[in-house]
Amino acid sequence: MDIRSLRYFVETARLSSFTQAAELLHVTQSTISKMVHQLEEELGTPLFIRDGRRLGLTDTGRVVFQRGEEMLATMRTLAAEVRDVQAVRRGTLSIGIPPMINVLFTPVLKAFRERHPDIALVLREETGQNVERLVAAGELEIGMTVLPPDPGLAVQTLPVASYPMWALAAAGTFQRQRRTLKLSALKDLPLVLLTDDFALTRALRRTFAQAGFEPAVAAQSGQWDWLVEMASAGIGVALLPEPFIHRLSDTSLQAVRIVEPEVPWQVAHVWSGRYLSHAARAWLEVSAEVLG
């Protein structure tokens, strides 16, 4: 069965008009009529009931229309998947990366560019919660966030890395030589946190609620290095993931790991439950290899 004849028939049946189908498909009406007639001859039965200007479907025509729509949809999916295979060699991939997470992915970017030099990466810096919303809305194909994601969004996640959270404060805030701090001790301390649109702050507030206390937030900022400055000035205790603690140069600050329970900073990829392109899958593969 010729796929073009099937498409011409399906569009004619859908519009109930040879003329409108011809206009939609940018061919002449005689071409449409000829292709539909060939299809009827091949099947050995009429597909349309022609009653003056009215155009209806025979019983066979209804079956062919229904199955024909399914076959054409399959062909469109096949064409999209073929284009995606080609897009691994050339194309564009949009990725949402929160400011707190981007430091982890520089090696991934380097490795991906070396392996897939013809794929243009469009990096969009947004907070984790914004990334989740943009992915769910289809404006970004893939992104990163901090677990757990917003339960109200239809997204899938794949954990990438997990690091413990540390409390950072001015010298003298904690006992000398202290290396750990119970989570419950934070309820008696002023905290400086990232703003509430950060997925990390959402995760921390959830942890505090599970521990049964409301934190005393002294200040919030969208910049992690300003949190460090505020902690150094004695305004409050900053809560940061372990990779950021290792980047500090101020030796006067005290840093202790939060325990009982440990509070993990769980970084994950996030994408919608819809189709994931081959370019995005290639990104996931490189991320898994580099970050281990």
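Residues numbered from 1 in each chain as written. Predicted model: local features only at pLDDT ≥ 70, side-chain atom pairs only at ≥ 80, totals over all residues. Heavy atoms only, no water.

- As recorded in an unreviewed UniProt entry, the protein chain goes by the name DNA-binding transcriptional LysR family regulator, listed as coming from Pseudoduganella umbonata.
- Per its UniProt entry, the protein chain bears the Sequence similarities (unreviewed entry) comment "Belongs to the LysR transcriptional regulatory family." (UniProt positions renumbered as here; feature names shortened; annotations may be inferred.)

Focus: helix 2 (residues 18–25)
Because an α-helix completes one turn every 3.6 residues, residues spaced three or four positions apart along the sequence face the same direction.
Working step 1: Of all the residues in helix 2, the buried ones are Phe18, Ala21, Ala22 and Leu25. The arc enclosing the buried residues of helix 2, seen along the axis, measures out at 100 degrees, which places them on a common side.
Working step 2: In the core, the buried residues of helix 2 are packed alongside helix 1 (3–15), helix 3 (29–43), strand 1 (48–51) and strand 2 (54–57).
Working step 3: Where helix 2 begins, the side chain of serine 17 points an oxygen toward the backbone nitrogen of threonine 19, at a separation of 3.3 Å. (Buried < 20%, exposed > 50% of the residue type's maximum accessible area, 1.4 Å probe, protein only. Helix = DSSP H or I, 4+ residues; strand = E, 2+ residues; numbered from the N terminus. Arc of directions from axis to C-beta. Contact = heavy atoms within 4.5 Å. Polar contact = N/O pair within 3.5 Å; in protein donor to acceptor, adjacent residues only side chain to side chain.)

Some thoughts on the nonpolar core
Generally speaking, a soluble globular protein has its nonpolar side chains buried in company with each other.
Working step 1: Formed by 68 residues in total, the largest nonpolar core has its most connected members in Met100, Phe105, Leu186, Leu239, Leu240, Trp265 and Trp283.
Working step 2: With eight residues, strand 6 (residues 155–169) is the single largest residue contributor to this core.
Working step 3: Residue contributions to this core reach at least three from each of two domains, namely domain 2 (89–161 + 267–291) and domain 3 (165–263).
Working step 4: Apart from the residues lying within four places of it in its own chain, the contact partners of tryptophan 283 are Leu93, Ile95, Phe105, Val108, Leu109, Phe112, Leu121, Ile142, Met144 and His269.
Working step 5: With 19 residues, the next largest nonpolar core counts Phe9, Phe18, Phe48 and Phe65 among its residues. (Core = buried A, V, L, I, M, F, W, Y, C linked by side-chain atoms within 4.5 Å. Domains from an automatic or database assignment.)

Some words on the packing of helix 5 (residues 106–115) against helix 10 (residues 278–291)
Working step 1: Running from N to C, helix 5 and helix 10 point in directions that differ by 125 degrees, and their axes come no closer than 9 Å. By the angle class used here, helix 5 and helix 10 are oblique. Read as a crossing pair, helix 5 and helix 10 show a hand that is right-handed. Contacts between helix 5 and helix 10 involve Pro107, Val108, Leu109, Ala111, Phe112 and Arg115 from the former and Ala279, Ala282, Trp283, Val286, Ser287, Glu289, Val290 and Leu291 from the latter.
Working step 2: Of the residues belonging to the contact of helix 5 with helix 10, the class tally is eleven nonpolar, one polar and two charged. (Axes fitted to C-alpha atoms, helices over the stretch in contact; angles between N-to-C directions. Parallel < 35°, antiparallel > 145°, perpendicular 65-115°, else oblique. Left-handed = near helix turned anticlockwise from the far one by under 90°. Nonpolar A, V, L, I, M, F, W, Y, C, P; charged D, E, K, R; others polar.)

Observations concerning the pairing of strand 6
Working step 1: Two elements, strand 6 and strand 12 (residues 264–272), share nine bridges in a ladder whose sense is antiparallel. What sits directly across from proline 159, in strand 12, is alanine 268.
Working step 2: Pairing of strand 6 with strand 10 (residues 237–241), which is carried by four bridges, proceeds in the antiparallel orientation. Its bridge partner lying in strand 10, tryptophan 166 is registered against leucine 240.
Working step 3: Inspection of the sheet shows strand 6 paired to strand 11 (residues 254–259) by four bridges, in the antiparallel sense. Following the sheet pairing, leucine 168 is matched in strand 11 by alanine 255. (Pairing = 2+ DSSP bridges.)

Quick look at the packing of aromatic side chains
Working step 1: Enumeration over the complete set of coordinates arrives at eight aromatic pairs.
Working step 2: Ring centres of phenylalanine 112 and tryptophan 283 lie 5.4 Å apart, and the angle between their planes is 65 degrees; on these two criteria the pair is classed as edge-to-face. In this pair, phenylalanine 112 is assigned in helix 5 and tryptophan 283 in helix 10, connecting sequence segments 171 residues apart. Here phenylalanine 112 matches tryptophan 283 in class, with each residue buried.
Working step 3: When the centroid spacing of 5.9 Å and the interplanar angle of 70 degrees are considered together, the rings of phenylalanine 244 and tryptophan 265 count as edge-to-face. With phenylalanine 244 in helix 9 (residues 242–245) and tryptophan 265 in strand 12, the pair connects residues that are 21 residues apart, well separated along the chain. No difference in accessibility class separates phenylalanine 244 from tryptophan 265, as the two residues are buried.
Working step 4: In this structure an aromatic cluster arises from ring pairing among Tyr163, Trp224, Phe244 and Trp265. (Phe/Tyr/Trp six-rings, centres within 6.5 Å; stacked < 30°, edge-to-face > 60°.)

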